[in-house]
Amino acid sequence: WAGFTFLVGFLIVFRTSQAYSRWWEGCTAAHHMLAEWYEACSSIIAFCKYSQATEAQTANFKGLIVRLVSILHATALSDIEKGSKPEHER
């Protein structure tokens, strides 16, 4: 029984470790995705400094970009949350 108990214990620990590693990899990828979109949004807003448009138009554009990137991130997270099920199973 000792060998069997060791084998089962080893397999449980190995599977748990693998699952935990995959979970952290997914979290890291999601945070990386957010960081890339944040950087892109920040760059667009920084380029607005040299715009020829009026201050009101620039402020409206900045607000629109921030809202659109926020919606983009929320939609991506929603899609990740649904998983990889086919559309008819959702």
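Residues numbered from 1 in each chain as written. Predicted model: local features only at pLDDT ≥ 70, side-chain atom pairs only at ≥ 80, totals over all residues. Heavy atoms only, no water.

Chemist: Please give an account of helix α2 (residues 55-82) that cites residues and values.
Modeler: Between its first and last C-alpha, α2 extends 41 Å over 28 residues, near the 40 Å set by a 1.5 Å rise per residue. Residues of α2 that are buried include every one of Thr-58, Ile-65, His-73 and Ala-76, and no others. Elements that come into contact with the buried residues of α2 comprise α1 (2-47). Gly-83, located one to two residues past α2, shows a positive phi value of around 85 degrees. (Helix = DSSP H or I, 4+ residues; strand = E, 2+ residues; numbered from the N terminus. Expected span 1.5 Å × (residues − 1). Buried < 20%, exposed > 50% of the residue type's maximum accessible area, 1.4 Å probe, protein only. Contact = heavy atoms within 4.5 Å.)

Chemist: Talk me through the environment of Leu-68; I want residue IDs and the actual numbers.
Modeler: Within the secondary structure, Leu-68 is located in helix α2. Separated by 31 residues in sequence, Leu-68 and Trp-37 have C-alpha atoms that sit 11 Å apart.

Chemist: Could you give an account of the packing of α1 against α2, with specific residues and numbers?
Modeler: Relative orientation of the contacting elements α1 and α2 amounts to 165 degrees, with a least axis distance of 10 Å. By the angle between their axes, α1 is roughly antiparallel relative to α2. You can see that α1 and α2 cross each other, and the crossing is right-handed. From α1, Ala-30, Met-33, Leu-34, Trp-37, Cys-41, Ile-44 and Ile-45 reach across to α2, where they touch Phe-61, Lys-62, Ile-65, Val-66, Val-69, Leu-72, His-73, Ala-76, Leu-77 and Ile-80. Per-class residue counts for the contact of α1 with α2 are 15 nonpolar, 1 polar and 1 charged. (Axes fitted to C-alpha atoms, helices over the stretch in contact; angles between N-to-C directions. Parallel < 35°, antiparallel > 145°, perpendicular 65-115°, else oblique. Left-handed = near helix turned anticlockwise from the far one by under 90°. Nonpolar A, V, L, I, M, F, W, Y, C, P; charged D, E, K, R; others polar.)

Chemist: Tell me what's going on with a nonpolar patch on the surface, and back it up with residues and numbers.
Modeler: A contiguous nonpolar surface patch, about 540 Å² in accessible area, is contributed by Phe-6, Leu-7, Phe-10, Leu-11 and Phe-14. Within the fold, Leu-11 resides in helix α1. The exposure class assigned to Leu-11 is partly exposed, which follows from its relative accessible area of 43%. (Patch = residues over 30% accessible without salt bridge, like charges linked within 9 Å, V, L, I, M, F, W, Y side chains within 5 Å. Areas by Shrake-Rupley, 256 points an atom, 1.4 Å probe, with all protein chains shown as cover. Salt bridge = Lys/Arg side-chain N within 4 Å of Asp/Glu carboxyl O.)

Chemist: Give me the packing of aromatic side chains: which residues, what numbers.
Modeler: One pass over the full model with this rule turns up 5 aromatic pairs. With centroids separated by 6.3 Å and ring planes inclined at 20 degrees, the aromatic side chains of Phe-6 and Phe-10 adopt a geometry described as stacked. Here Phe-10 and Phe-6 lie together in helix α1, a separation of 4 residues that amounts to about one turn. A relative accessible area of 60% places Phe-6 in the exposed class. Where Tyr-20 meets Trp-23, the ring centres are 6.4 Å apart and the plane angle is 20 degrees; that geometry is what we call stacked. Taken together, the residues Tyr-20 and Trp-23, both in helix α1 and 3 residues apart, mark about one turn of the helix. As far as the burial class goes, Tyr-20 and Trp-23 line up, both exposed. One aromatic cluster in this structure is built from Phe-6, Phe-10 and Phe-14. (Phe/Tyr/Trp six-rings, centres within 6.5 Å; stacked < 30°, edge-to-face > 60°.)

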